Amino acid sequence: ALPICPSYKRPAVDAPPEWRAPSRSQDSTRAFYDSLASGQNLIAPPAAAAADTPSGAATVRRPDWRESYESRALDAQNGLSWAELIKDPALQALIDTAVQNNRDVRVAIATINEFRAEYGVSKGAFYPQINGVVNAGREKIVLVPGQNEAFNAIQVTANLQWELDFWGRIRRKTQAARAEYLASEEGRRGVLTTLIADVSTAYFDLREKDLELDIARRTKQNADRGLQLTTLRHKRGAATGLDVHQAEQLLFTATAQIASAERGIGQTENQLSLLLGRSPGAVSRGKELEQFALPPTIPPGLPSALLERRPDIRGAEASLIAANAQIGAAKAQYFPQISLTGFLGGQSRELSSLFTGPARQWSFIPA
């Protein structure tokens, strides 16, 4: 194909060479780099350049867009998965249910299937299109008034049509379909990432409200005992009526906090049920909130190339690739479309002589 439209090249970004306030220790990020070393060719230097890399230094290679999108196993290779970070079996079960039943995930998967099918159809345009036609019937014609003739009419043909992609129109259309398919795949990854984050956040909010409810109930018990003690002291003359009213106010406040915590728990369970794709209901619990380990602190000085793992950025680049390819396909419309058309078959009154010499038909027409 002639270079009507240049191939996609990642736009250059005018980024500063370093952060304005670099960290004091240059080795403070080394442990974090090691934890992400499983990322394919994103953190670890290439094998050819490993010998030139100083010890203790982390080199980030900017991958080519084809290499970035060819691998479909990035979810399992880029660092730790969510199942390795979340150790609560109850929360893992909730996330599994959400991934299976969530409507947004189903829509994303259906979109992927749609674009995958369109990509397969676009690849088929490279090859000749062959259609087979079979016609059989009986006809009657009038030769002269009073004389007619009835005969069988049988026709079998194979039609061929093939567009020669001299200007790269089909190739660009295929590139655009492939990029759109990959963009839909990144959209699915983005939906999954958001869904897992939303379920985890709602679950931790639920466990926090459970803790608040437990504190409110214990506060109510203490306030109830305090009211009994204050009432007894009032009867013995050691406390005033104001002290009794203050103790009652503490009890009423604790009771109201219990009702507020229970209402918040119900609302959070309804939110989780919506994310899980089921009717509102109770949600199973696992570990207590204080049993979860604190998340690791992300150190400063991380390379900006880590942003290339974000599915929304990768999807946006795939959409840009598709738009670039569509421009090439549109420019190819300025030039003639060269195609080959032909058919081969036979036509006869009898089936036995359908493929004999006089009954054969063929045509070949370049257009």
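Residues numbered from 1 in each chain as written. Predicted model: local features only at pLDDT ≥ 70, side-chain atom pairs only at ≥ 80, totals over all residues. Heavy atoms only, no water.

J.: Any chance you could explain the sheet that holds strand 4 (residues 360–366) here in plain terms?
T.: Where strands meet in a sheet, backbone hydrogen bonds hold them as pairs that are either parallel or antiparallel. The sheet built from four strands is open, its strands ordered 1-2-3-4 with antiparallel pairing. The open sheet has two edge strands with one neighbour each: strand 1 (129–144) and strand 4. The mean inter-strand angle of the sheet, taken between neighbouring strand axes irrespective of direction, is 20°. Note that strand 1 and strand 2 (residues 147–164) share 15 bridges and pair antiparallel. For Arg138, the partnering residue across the bridge sits in strand 2 and is Asn152. (Pairing = 2+ DSSP bridges. Helix = DSSP H or I, 4+ residues; strand = E, 2+ residues; numbered from the N terminus. Axes fitted to C-alpha atoms, helices over the stretch in contact; angles between N-to-C directions.)

J.: What is the right way to look at the confidence of the model for the chain in this model?
T.: Detailed reading of the predicted coordinates is not advisable wherever pLDDT is low. Residues with a pLDDT of 70 or more make up 76% of the chain, whose mean pLDDT is 76. In the model, residues 24–30 has pLDDT below 50 throughout and makes nine contacts with residues more than four positions away in sequence or in other chains. (pLDDT = per-residue confidence, 0-100. Contact = heavy atoms within 4.5 Å.)

J.: What is the right way to read the nonpolar core from this model?
T.: The nonpolar side chains of soluble globular proteins are, as a tendency, buried together. Ranked by size, the top nonpolar core spans 24 residues in total, and within it Leu91, Leu94, Ile95, Leu195, Val199, Tyr203 and Leu272 carry the most contacts. Those elements that provide at least two residues to this core are helix 5 (89–101), helix 7 (169–235) and helix 8 (241–276). It is helix 7 that contributes the most residues to this core, nine residues altogether. For Leu94, the contacting residues outside a window of four places in its chain are Val199, Tyr203, Leu276, Val283 and Ser284. (Core = buried A, V, L, I, M, F, W, Y, C linked by side-chain atoms within 4.5 Å. Buried < 20%, exposed > 50% of the residue type's maximum accessible area, 1.4 Å probe, protein only.)

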